[in-house]
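Residues per chain are reported as follows:
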Amino acid sequence: MMSDSIVPVKEIEERMETDKMWLTMGPQHPFSHGLWTLRVQVDGEIVTDAEPIVGYLHRGWEKETENRTYPKIIPMADRLCYAASMTYTHLYCMTVEKALGIDIPEKAKWIRIVADEVCRIQSHLMWLAAVGTDLGSYTVFLWSMREREFFLDLNVKLCGARMTTNYPRIGGVRNDTTELFDRDILRTVERFEKALWDIVALVDDSSIFVSRMKGISYLTREQVANMGLTGPAMRGCGVDFDIRRDDPYDNYDLVDFEVPVLKEGDSYARYMIRIEEMFQSCEIIKQAVKKVQALGKNAPYRVKTPSRVPAGTTFARLEDPRGESLMYLVSDGTDKPYRLKVRSPIFVNVSGAKAMSVGTRVADVPAVLAQIDMCLGETDR
Amino acid sequence: MGHILDWIVYKDTMANVYTPFESYNLPYDIGCKLWEIIGGTLAWLIDLIFPGNVVSEWLVSDAVTTLLGLIVFMLLIFIVAFVSTLIVLWEERKVLGRMMDRRGTMVGMKGFLQCVADGLKTFQKENTIPAKVDKMTYMWTVTLVIGVSVLVLCMVPLSSRWYVVDYDTGLLIIMAFFALAPFFILVSGWAQNNKYSMIGGMRAAELMISYEAPMLILITTSALLAGSFNINDIVYAQMDSVWYIIPQVIGAITFFTCAVAEAERVPFDIAEAEAELVEGWQTEYAGMKWGLVMLADYMRGSVSCSMFVILFLGGWTLPFIGDGPIPEIVFLLKAYIVFFFMSYARAALARVRTDQILNLGWKVFLPLSIFNLAVVILLKVGGVF
Amino acid sequence: MDADAVYQTPTVEEIASLLPEKFPCVEVVKTEVRRVHAKVPREHIFKVCSYIHDNLTFEHCSTVIGVDYVDHLATVYHLTNYYNGVMIELSVDIPADDLHVDSVTPIWEGANWHERETWELFGIVFDNHPKLERLLTPKTYEFFPFRKSYKLRGTE
């Protein structure tokens, strides 16, 4: 039809040169949840190129650990990510335990699973809140934050701190579950399973929310695998892999849960995966709490460990709320690590920002990158 | 020598030859009466000291009374409009608070004084102007955006006796001024030398183009039903028949959505989408400039609601009662109820993307408004109205 | 076993026998449950990685890690198979006087930022890397802060 028209629209369009503009989003920008910058090149409203810039928060975490004894790194591991402090401390303790070659008590394993899943739920709620603001709905933000508060209260109940918990220890956990913790956590989870449906209804029943997420920023399975994205971003694109199930650590092989996987590969799929993961976490918590109860009050929860780690290299990995995190430890027989490397999931996920955002519109950039679930502490380390 | 009541006689304003209004105007009347009390007392005092002087006569003359009456009239109109906007602001904060499971504003008078506190706070902020903006354009565009919003807010009549102008084309004039602001937003976006502002300004223009058309068609439809563009006529035509929301349900819903878009509120606030554009076209405005811009936003929201009330909800009249003793309050209450739904939409919905907005505007609302027009023409030809 | 066939879910034993069969220079150090640790000479890292990616279906590169052993440096690669959760750890020794190793970014895009980071913190140059620039540290840095020669101030 175009060629029939008297005005050669297509040719004019081809000859017309439009100016492309570089927009710098961040580090002080409402969309960047933390200190990072995304430079996007836009042609009108359409994103043609993107370049993430990180490193504002680089503290030399890995180098700092070389100067500290092993137990003193635990509080530092908390500070890697304030939303996933429990999983990082867990990972660190797991790595050192593996290097020491010790096995921790059953009860500690189950308590760690409970703590991890609480951490996963509150981290996902934080993400949901961020998605809410990035899509322009403050209600979703406040409702998610309200729900998150109940899980932070559980953290308080368990170890006395809300976010930087400092709870797992090398050889177990710091303290046994407190009195009535099991009752409280079951009540919270039951309540949460109903409350989450409220938020899901608010988002999923609104065609605006769905149309903002559905059908944008497609990633294929090959792309995702090649870029090394992990976590919900990967599972939303059809990669059926979850470290908890396929490479189990602690007692995850004894827990019965499902790993949600979707083949759509768009922004909405990533959203759905995270919502479903929250429900699955509730299931895991219920099972794990029963196991903790069954072990009784006097079961050991911590073993003594030597302060010196034998020379060698070890690594351990676990499923962080945001993806695969891995720690690689080189020990030289002293009480300080020779080298400790953290593989943070977001560090890799954010490098895929270009693939995720090219072809979308400027308005979609926050909505798409909210699905990364940015956390700068662990990205820059 | 004379008694004070010789000077204060509460003259009929309509008998005053200088009165610029063709029908009874309450704020102007209040102004004239107020001047008669003040001016009359002054005149009586002067007359006590210098009996038979000219000044006393001049102070209570028709011309001076009209002049001072008009000044008070302007102040009254503005203050009432301003306070009703603050109430709208307070209402939204409270409604949003309840919807989001928090308390909303809490400072004094159920949180109403928070608006005043915010105003004072923004007023004390430093008046920064970025170095690289085009200062002239930067300042006059924001002035015009605020000015036009205030103007259009003041021009909305609250009743048949509380109005500024009573033209036969009053509705069109209000809509024309209402549609002016996006032009200044566009220019302001260019003037700020900021990419976010520029995109925001472009989006405002985009929004205006796609929503002005269905909105004007809908206004014409209501005018067609009433047979006049005069606001009074439209309101009283609804009192005589039914509220126009009943024959044009589709039109009312479409108009409401367009009004939300016109006022640039969620879900159509793409011009100041804070997630991607920081504050859109307002990014570079700081301190009281930003405070006024935000107030202007609410003024436009308030005007949108008022237009909805005039066109579809029978204005200041109530069914079976008619004008009632205080029609102004009835009108404002109706506008607040409409605004409640706007706040409700804001709490429940997310922001729409630009291309989706254009699709909605051209592919959904324009056909709907034309369909509504067709229905109304059928009704009119069928002799129902 | 056929070294050139494509294995979607290679077991640990299969990997431990396939790798030395295909590349005699590769030395499998130890195997654990779902873990294979191997040592690769640095000239062959790209070929070995291509083989692992194409024939053993290790689609995911978890990390590229640099370690400074003072007398030599090392890079460590962690590779994951999505189908059975098996991981291969490849370590490559690099002499301190010639810090060059082939980049694996052409195979796994995910190794991109890890290699950049390793370069800026240890000074290990990854040949054929598409964009070897500083990522975390400021562009003005002229030293490599994670090397052992860079002393931390104080003890704690």
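Above this note sits the structure.
Cut-offs applied
Residues numbered from 1 in each chain as written. Chains lettered and ligands numbered in written order. Predicted model: local features only at pLDDT ≥ 70, side-chain atom pairs only at ≥ 80, totals over all residues. Helix = DSSP H or I, 4+ residues; strand = E, 2+ residues; numbered from the N terminus. Rg over C-alpha atoms; globule rule 2.2 N^0.38 Å. Contact = placed C-beta atoms within 7 Å. Buried ≥ 20, exposed ≤ 12 C-beta atoms within 10 Å, placed from the backbone. Axes fitted to C-alpha atoms, helices over the stretch in contact; angles between N-to-C directions. Nonpolar A, V, L, I, M, F, W, Y, C, P; charged D, E, K, R; others polar. Core = buried A, V, L, I, M, F, W, Y, C linked by C-beta atoms within 7 Å. Domains from an automatic or database assignment. Pairing = 2+ DSSP bridges. Parallel < 35°, antiparallel > 145°, perpendicular 65-115°, else oblique. Left-handed = near helix turned anticlockwise from the far one by under 90°. Expected span 1.5 Å × (residues − 1).

S.K.: What exactly am I supposed to notice about the overall build of chain C here?
M.R.: Counting its secondary structure elements, chain C contains 3 helices and 7 strands. Ordered by position in the sequence, the α and β elements of chain C form the string α-β-β-α-β-β-β-β-α-β. Here chain C has a C-alpha radius of gyration of 16 Å; the compact-globule value for 156 residues is 15 Å, and the two agree. Expressed along its principal axes, the backbone C-alpha trace of chain C runs to roughly 55 × 30 × 30 Å. Intrachain contacts of chain C at a sequence separation of at least 6 include 47% that bridge at least 24 residues.

S.K.: Just to check I follow, could you spell out the overall build of chain A for this structure?
M.R.: Of regular secondary structure, chain A possesses 16 helices and 8 strands. Overall size of chain A, expressed as C-alpha extent along the three principal axes, is 85 × 45 × 35 Å. The buried share of chain A, reckoned over its 381 residues, is 55%. For chain A, the share of sequence-separated contacts (at least 6 apart) that also reach a separation of at least 24 residues comes to 70%.

S.K.: So what exactly am I meant to see when it comes to the packing of helix H4 (residues 85-100) of chain A against helix H5 (residues 106-134) of chain A here?
M.R.: For any two helices packed against each other, the geometry is given by the interaxial angle and the distance between the axes. Residue and element names in this part refer to chain A. Relative to each other, H4 and H5 sit at 145 degrees, their axes nearing to 8 Å. Two secondary-structure elements touch here, H4 through Met-86, Thr-87 and His-90 and H5 through Arg-112, Ala-115, Asp-116 and Cys-119. Taken together, the residues that form the contact of H4 with H5 break down as 3 nonpolar, 2 polar and 2 charged.

S.K.: What is the right way to look at unusual backbone geometry in this model?
M.R.: Trans peptide bonds make up most of the peptide bonds, and negative phi angles are found at most residues other than glycine. Positioned with a positive phi, Met109(B) is a non-glycine residue whose angle comes to about 45 degrees. Counting through the fold element by element, Met109(B) comes out in the loop between helix H4 (62-99) and helix H5 (113-124). In this structure, Asn128(C) is a non-glycine residue whose phi angle is positive, near 70 degrees. Position of Asn128(C) relative to the elements: it lies in the segment after strand E7 (125-127). Overall, the presence of 11 C-beta atoms within 10 Å leaves Asn128(C) in the exposed class.

S.K.: Looking at this structure, how should I read the nonpolar core?
M.R.: The tendency in soluble globular proteins is for nonpolar side chains to be buried as a group. The biggest cluster of nonpolar side chains holds 263 residues, and the ones touching the most others in it are Val114(A), Met327(A), Phe255(B) and Phe308(B). A per-element tally of this core places H5(A) first, with 16 residues. No fewer than three residues from each of domain 1 (8-80) and domain 2 (125-382) of chain B sit in this core. Contact partners of Val114(A), with chain neighbours within four places excluded, come to Ile185(A), Ile285(A), Ala288(A), Val289(A) and Val292(A). One finds Trp7(B), Ala43(B), Trp44(B) and Val60(B) within the second-largest nonpolar core, a separate group that totals 5 residues.

S.K.: I tried to follow the sheet that holds strand E6 (residues 312-320) of chain A on my own but got confused; where do I start?
M.R.: In any sheet, the strands associate via hydrogen bonds between backbone groups, in a parallel or an antiparallel arrangement. Residues and elements named next belong to chain A. Read from one edge to the other, the open sheet built from 3 strands follows the order E6-E7-E8, with strand pairing classed as antiparallel. Looking along the sheet, the strands with just one partner apiece sit at the ends: E6 and strand E8 (337-343). In this sheet, adjacent strand axes meet at a mean angle of 15 degrees when their direction is disregarded. Relative to strand E7 (residues 323-331), E6 is paired through 9 bridges, and the arrangement is antiparallel. Counted as the bridge partner of Thr-314 is Leu-329 from E7.

S.K.: Help me understand the environment of Val338(B), please; the structure alone is not making it clear to me.
M.R.: Inspection of the secondary structure puts Val338(B) in helix H14 (residues 327-348). Look past the residues within four positions of Val338(B) in its chain and what remains in contact with it is Cys305(B), Phe308(B) and Val309(B).

S.K.: Would you explain the interface of chain B and chain A in this entry?
M.R.: Think of interface size as the accessible area that goes away when the parts come together; that is how it is often given. Contact with chain B, which involves 24 residues of that partner, is made by 27 residues of chain A. Among the elements of the structure, helix H9 (195-226), helix H12 (274-277), H14 and helix H15 (354-382) of chain B are those that each provide at least two residues to the side of chain B that touches chain A. Looking at side-chain class alone, the side of chain B that touches chain A contains 14 nonpolar, 2 polar and 8 charged residues.

S.K.: I keep staring at the sheet that holds strand E2 (residues 37-43) of chain A and nothing clicks. Help me out?
M.R.: All names here are of chain A. Taken in spatial order, the 3 strands line up as E1-E2-E3 in an open sheet, and their pairing is antiparallel. One side of each edge strand has no neighbouring strand; the edge strands of this open sheet are strand E1 (21-25) and strand E3 (46-53). Strand-to-strand, the axes of this sheet are offset by a mean angle of 20 degrees, without reference to chain direction. As defined by bridge partners, E1 adjoins E2 across 5 bridges and the pair is classed as antiparallel. Bridging from a neighbouring strand, Leu-23 pairs with Val-40 of E2.

S.K.: Looking at this model, I keep getting lost on the packing of helix H6 (residues 135-155) of chain B against helix H8 (residues 181-191) of chain B. Mind explaining?
M.R.: Residue and element names in this part refer to chain B. Where H6 contacts H8, the two axes come as close as 9 Å, and the packing angle between them is 160 degrees. Considering their axes alone, H6 and H8 lie roughly antiparallel with respect to each other. As H6 runs across H8, the sense of the crossing is left-handed. Residue-level contacts link Thr-137, Tyr-138, Thr-141, Val-142, Leu-144, Val-145, Val-148 and Ser-149 of H6 to Ala-181, Phe-184, Ile-185, Val-187, Ser-188 and Ala-191 of H8. Of the residues assigned to the contact of H6 with H8, the class counts are 10 nonpolar, 4 polar and no charged.

S.K.: Help me out: how do you make sense of the interface of chain A and chain C in this one?
M.R.: Contacts between the two partners involve 28 residues from chain A and, on the opposite side, 27 residues from chain C. If you list the elements that add at least two residues to the side of chain A that touches chain C, you get helix H2 (61-65), helix H9 (221-227), E7, E8 and helix H13 (345-349) of chain A. The dominant element in the side of chain A that touches chain C, judged by the number of residues it contributes, is E7(A), at 4 residues. For the side of chain A that touches chain C, the residue count by class is 11 nonpolar, 7 polar and 10 charged.

S.K.: In this structure, what is going on with helix H11 (residues 249-262) of chain B? I would like to understand it.
M.R.: In an α-helix there are 3.6 residues to a turn, and that puts residues three or four apart on one side. Residues and elements named next belong to chain B. The terminal C-alpha atoms of H11 lie 20 Å apart, and with 14 residues this matches the ideal 20 Å at 1.5 Å per residue to within 8%. For H11, the buried fraction is high: 11 of the 14 residues fall into the buried class. What H11 keeps buried is the set Gly-251, Ala-252, Thr-254, Phe-255, Phe-256, Thr-257, Cys-258, Ala-259, Val-260, Ala-261 and Glu-262. Those residues of H11 hidden inside the fold are in contact with helix H7 (170-178), H9, helix H13 (287-312), H14 and H15. Phi turns positive, to about 55 degrees, at Glu-264, one or two residues after H11.

S.K.: Got a minute to help me understand helix H3 (residues 111-122) of chain C in this structure?
M.R.: With 12 residues, H3(C) should reach 16 Å at 1.5 Å per residue; the first-to-last C-alpha distance of 16 Å fits that figure. Buried residues dominate H3(C), accounting for 12 of its 12 residues. By the burial criterion, the buried members of H3(C) are Ala111(C), Asn112(C), Trp113(C), His114(C), Glu115(C), Arg116(C), Glu117(C), Thr118(C), Trp119(C), Glu120(C), Leu121(C) and Phe122(C). Tucked inside the fold, the buried residues of H3(C) contact H13 of chain A together with strand E3 (60-68), strand E4 (72-80) and E7 of chain C. Backbone geometry just after H3(C) places Gly123(C) at a positive phi near 80 degrees.

S.K.: Hey, could you run me through the environment of Glu142(C) in this one?
M.R.: Structurally, Glu142(C) is set in the segment after E7. Each C-alpha atom, one on Glu142(C) and one on Asn112(C), is 21 Å from the other, the two residues being 30 residues apart in sequence.

S.K.: Where do I start with the environment of Trp127(A) in this structure?
M.R.: Residue and element names in this part refer to chain A. If you trace the backbone, Trp-127 turns up in helix H5. Exposure remark for Trp-127: the 26 C-beta atoms within 10 Å place this residue in the buried category. Remark: the alpha-carbon pair of Trp-127 and Ala-370, spanning 243 residues in sequence, is separated by 7.3 Å.

S.K.: Explanation requested: the pairing of E4(C) in the structure shown.
M.R.: Looking along a regular strand, one sees the side chains alternate between the two faces of the sheet. Residues and elements named next belong to chain C. Counting buried positions over the 9 residues of E4 gives 8, a clear majority of the element. As judged from the 8 bridges shared by E3 and E4, these two strands associate in the antiparallel manner. What sits directly across from Cys-61, in E4, is Leu-79. Connecting E3 to the next strand, E4, in antiparallel fashion are 3 residues, including Val-70 with a positive phi near 65 degrees. Relative to strand E5 (residues 87-95), E4 runs antiparallel, the two being bridged by 9 bridges. From the neighbouring strand, Val-76 faces E5, where its bridge partner is Ser-91. From the end of E4 to the start of E5, which pair antiparallel, there are 6 residues, and Gly-85 there has a positive phi angle of about 70 degrees.

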